[in-house]
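Survey of secondary and tertiary structure
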Amino acid sequence: MNPFLQSALSAGRMVAAGDPQLLHIVGLSLRVSALACVIATASGLLAGAGLAVWRFPGRRVVLVVLNTLLALPSVVVGLVVYLLLSRAGPLGSLGILFTPAAMVIAQSILVMPIVAALARQIIDDALRDHGEQLRSLGAGPLASALVIAWDERMALLTLALVAFGRAVSEVGAVMIVGGNIDGVTRVMTTAIALETSKGDLPLALALGLLLLGVVLLLNTLIAMLRGWSLRADERIGAAS
């Protein structure tokens, strides 16, 4: 039998049988990425909303820096977090290097600029359409941001799903700060890289299939949210 086909069949059997090692790796990946997504989404939405509604000296510089951080290399983030959390670093006393907590920090730093930049764009565009009306009703910057955020909640929820997808597919930073320790910090992406280098293709393919499944599920949810939002807008337009 073709080696690739044999590995694919073995991977399918592992997924169907619920291999304990496989489930542990997937569970850790989802927990770490979900927590990082919550932290990054909360902080990113606040930062994005603030940049959208408040004008202050140096705002253009901040926007340039934020847009630059969208292309922030993951290995650079991993290196910076490693240096901060190492024993000689300023946060070394926390003792969280090579733990899931360090991986959450690295993923949060990677994802937060994406959330902040896109949230700012969403709220800024909405303010161009409705900002004058909100100001005429006496709404200040904070109230305007809250109203716009609620009105654009579907787009922001989609943004949160995108952030989770970015976090769960990360490999460089989590490899550096997590160490890819078996049973402790080994997640789907780092396990795929390791098992492929070891020649254990069935486990690597099984993890790859599950990772693709997670991404597919996220894209399906995003498409459903967009469809629901469009139908809701159409109903509102028809009613008015």
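**A look at the pattern of salt bridges**
Between side chains of opposite charge, pairing is possible as soon as their charged atoms come close. Taken as a whole and judged by the stated rule, the model has seven salt bridges. One salt bridge connects Arg55 with Asp124, and the closest N-O pair in it is separated by 3.8 Å. Of this pair, Arg55 sits in the loop between helix H2 (20-53) and helix H3 (59-69) while Asp124 sits in helix H5 (residues 100-136), and the two are 69 residues apart along the sequence. The class of Arg55 is exposed, set by a relative accessible area of 54%. Asp124 sits in the buried class, given a relative accessible area of 8%.

**Quick look at a nonpolar patch on the surface**
On the surface, a cluster of nonpolar side chains totalling about 470 Å² of accessible area is made up of Val75, Val76, Val80, Leu84, Leu91 and Leu94. By the secondary structure assignment, Leu84 is in helix H4 (residues 74-85).

**A few points about the packing of H2 against helix H7 (residues 153-168)**
Relative placement of two packed helices is described by the angle separating their axes and the distance separating the axes. Remark: H2 packs on H7, axes separated minimally by 9 Å, with the N-to-C direction vectors making an angle of 135°. Overall, the two elements H2 and H7 adopt an arrangement that is oblique. Along this stretch, H2 crosses H7, giving a crossing that reads as right-handed. Mapping the contact onto sequence places Ser29, Leu30, Ser33, Ala34, Cys37, Thr41 and Leu45 in H2 and Leu156, Ala160, Ala163, Phe164, Ala167 and Val168 in H7.

Cut-offs and rules
- Per chain, residues are indexed from 1 in the order of the written sequence.
- In view of the model being predicted, local features appear only for residues whose pLDDT reaches at least 70, and side-chain atom pairs are presented and counted only at 80 or more, with totals across whole chains, interfaces and linings using the full set of residues.
- Calculation of side-chain values draws on the structure's entire complement of heavy atoms; hydrogens and water are dropped beforehand.
- Salt bridge, as applied in this entry: a Lys or Arg side-chain nitrogen positioned within 4 Å of an Asp or Glu carboxyl oxygen.
- Helix and strand assignments come from DSSP, with helices taken as H or I runs of at least 4 residues and strands as E runs of at least 2, each series counted from the N terminus.
- For every residue, the accessible area (1.4 Å probe, protein chains only) is compared with the maximum for its type, and the residue is labelled buried under 20%, exposed over 50%, or partly exposed between those bounds.
- Only residues above 30% relative accessible area that lack a salt bridge enter a patch, with like-charged residues linked at up to 9 Å and the nonpolar side chains Val, Leu, Ile, Met, Phe, Trp and Tyr linked at up to 5 Å.
- In this description, accessible areas are obtained by the Shrake-Rupley approach with a 1.4 Å probe, and a residue is regarded as covered only by the protein chains that are shown.
- Fitted lines through C-alpha atoms serve as axes, helices being fitted only where they are in contact, and the angles separating the N-to-C directions of these axes extend from 0 to 180 degrees.
- The labels follow the angle: roughly parallel below 35 degrees, roughly antiparallel above 145, roughly perpendicular from 65 to 115, and oblique for the rest.
- Left-handed is the label given to a crossing in which the near helix is rotated counterclockwise from the far helix by less than a right angle, and right-handed is the label when the rotation is clockwise.
- By the convention used here, residues are in contact when the closest approach between their heavy atoms is within 4.5 Å.

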